[in-house]
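# Commentary on secondary and tertiary structure
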Amino acid sequence: SQQGEEDPQALSIQEGENATMNCSYKTSINNLQWYRQNSGRGLVHLILIRSNEREKHSGRLRVTLDTSKKSSSLLITASRAADTASYFCATDAIAGGTSYGKLTFGQGTILTVHP
Amino acid sequence: SAVISQKPSRDICQRGTSLTIQCQVDSQVTMMFWYRQQPGQSLTLIATANQGSEATYESGFVIDKFPISRPNLTFSTLTVSNMSPEDSSIYLCSVEDYDRVYGYTFGSGTRLTVV
């Protein structure tokens, strides 16, 4: 079953604007990851944030994690048309103190950046 | 991080037939994961494949329908058996980064259409 819920389901913005996507999950996690998928192709790993981290940056990406609320957000600053893609959060969960070593994905956000 | 070669990239198959999808990794990995992404949906884990042992299937997926082979630490196959139009999906393999610093690496996906 899907662990995460993402909102919005779709986001349409102009180039140069910021895009924020949110993700919620249900169980305890080792880490939370964000992936990008272009046109139904393979996933590209964007960023990983561990359960003991609250914020992480990578280039134009900023991820936050609130384990008390079981939620995360992905911010893409100064968006470009090339950022148009589907974005998924995925959790790497804990089971009995041992990581599953597998991912549970959210429903995804379709981002469209207009030139 | 690992590089995965996944084949075929796409196929159109007749119902009742089977298709075998291959994933070759450029480094040795302990676990390989197979996911299904139905049209417009997120990714769902089918099974985890360890070398030298039976694959572990998630709820809703059975070995007779999705047999998996893992003959060595760099290769795995997923077969979609006795296909029906409901099996039309993107199938992706994935491996874990050796120390999870970079998350998981995904193959480019196999887009399967069953007619």
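Residues numbered from 1 in each chain as written. Chains lettered and ligands numbered in written order. Predicted model: local features only at pLDDT ≥ 70, side-chain atom pairs only at ≥ 80, totals over all residues. Heavy atoms only, no water.

Taken together, the contact pairs 22 residues of chain A with 22 residues of chain B. One can count zero salt bridges joining chain A with chain B. Taken together, the connections running from chain A to chain B amount to seven residue pairs in polar contact (both at pLDDT 80 or more). Counting only elements with at least two residues in the side of chain A that touches chain B, the list comes to β4 (29-37), β5 (43-50), β9 (85-95) and β10 (98-105) of chain A. When residues of the side of chain A that touches chain B are assigned to their parent elements, the largest contribution, five residues, is made by β10 of chain A. (Contact = heavy atoms within 4.5 Å. Salt bridge = Lys/Arg side-chain N within 4 Å of Asp/Glu carboxyl O. Polar contact = N/O pair within 3.5 Å; in protein donor to acceptor, adjacent residues only side chain to side chain. Helix = DSSP H or I, 4+ residues; strand = E, 2+ residues; numbered from the N terminus.)

Moving on: the sheet that holds strand β1 (residues 4-7) of chain B. Residues and elements named next belong to chain B. Read across the sheet, four strands follow the order β1-β3-β8-β7 without closing on themselves; strand pairing throughout is antiparallel. The two strands at the open ends of the sheet, each matched to only one other strand, are β1 and β7 (68-72). When the angles between neighbouring strand axes are averaged without regard to direction, this sheet yields 15 degrees. The pairing of β1 with strand β3 (residues 19-25) spans four bridges and is classified as antiparallel. (Pairing = 2+ DSSP bridges. Axes fitted to C-alpha atoms, helices over the stretch in contact; angles between N-to-C directions.)

Residues and elements named next belong to chain A. As summarised here, the arrangement of the five strands in space is β1-β3-β8-β7-β6, forming an open sheet in which the pairing is antiparallel. Strands with a single pairing partner mark the edges of an open sheet, and in this sheet they are β1 (5-7) and β6 (55-58). Across the sheet, the axes of successive neighbouring strands diverge by a mean angle of 15 degrees, strand direction being ignored. Bridge count for β1 against strand β3 (residues 19-24) is three bridges, and the pairing is antiparallel.

Turning next to the environment of Arg111 of chain B. Within the secondary structure, Arg111 of chain B sits in strand β11 (residues 110-114). Arg111 of chain B sits 101 residues away from Arg10 of chain B along the chain, and the two C-alpha atoms are 4.4 Å apart.

Another aspect to go through is the side chain of Ser76 of chain B. All names here are of chain B. Structurally, Ser76 can be placed in strand β8 (residues 75-80). Within the structure, the side chain of Ser76 is placed 2.9 Å from the backbone oxygen of Ser69, a separation counted as a polar contact. With sequence-adjacent residues up to four places away left out, Ser76 is seen in contact with Ile21, Gln22, Cys23, Met32, Trp34, Ala49, Ile68, Ser69 and Arg70.

Here we take up the state of the cysteines. Between two cysteines, a covalent bond joining their sulfur atoms is known as a disulfide. Summed over the entire model, instances satisfying the criterion amount to two disulfides over all chains. Note on cysteine connectivity: Cys23 of chain A is disulfide-linked to Cys89 of chain A, with sulfurs 2.0 Å apart. Judged by the sign of its S-S torsion, about 70 degrees, the cystine formed by Cys23 of chain A and Cys89 of chain A is right-handed. With Cys23 of chain A in strand β3 and Cys89 of chain A in strand β9, the pair connects residues that are 66 residues apart, well separated along the chain. Here Cys89 of chain A falls in the buried class, since its relative accessible area comes to 2%. Each disulfide pairs two cysteine sulfurs, and for Cys23 of chain B the partner residue is Cys93 of chain B, the sulfurs being separated by 1.8 Å. Measuring handedness by torsion sign, the sulfur bridge of Cys23 of chain B and Cys93 of chain B sits at about -90 degrees and is left-handed. Of the two residues, Cys23 of chain B sits in strand β3 while Cys93 of chain B sits in strand β9 (residues 89-96), which places them 70 residues apart along the sequence. For the pair shown, Cys23 of chain B and Cys93 of chain B are each scored as buried. In this structure Cys13 of chain B is not part of a disulfide, and its nearest cysteine sulfur, from Cys23 of chain B, lies 16 Å away. (Disulfide = S-S within 2.5 Å. Buried < 20%, exposed > 50% of the residue type's maximum accessible area, 1.4 Å probe, protein only.)

Summarising the model, chain A shows a mean pLDDT of 89, and 90% of its residues fall at 70 or more. β10 of chain A is the least confidently modelled element of chain A, averaging 69 in pLDDT, while strand β7 (residues 61-66) of chain A averages 98, the highest of any element. (pLDDT = per-residue confidence, 0-100.)

Here seven bridges tie β4 of chain A to β5 of chain A, and the two strands are oriented antiparallel to one another. Each bridged residue has a counterpart across the sheet, and for Gln37 of chain A the counterpart in β5 of chain A is Leu43 of chain A.

For the rest of this paragraph, the subject is the pairing of strand β8 (residues 71-76) of chain A. Residue and element names in this part refer to chain A. Most of β8 is tucked away: five of the six residues are buried. Taken together, the six bridges between β3 and β8 define a ladder with antiparallel strand orientation. From the neighbouring strand, Ser24 faces β8, where its bridge partner is Ser71. Sheet analysis places β7 next to β8, joined by six bridges and oriented antiparallel. Residue Asp66 lies in a different strand from β8, and its bridge partner there is Ser71.

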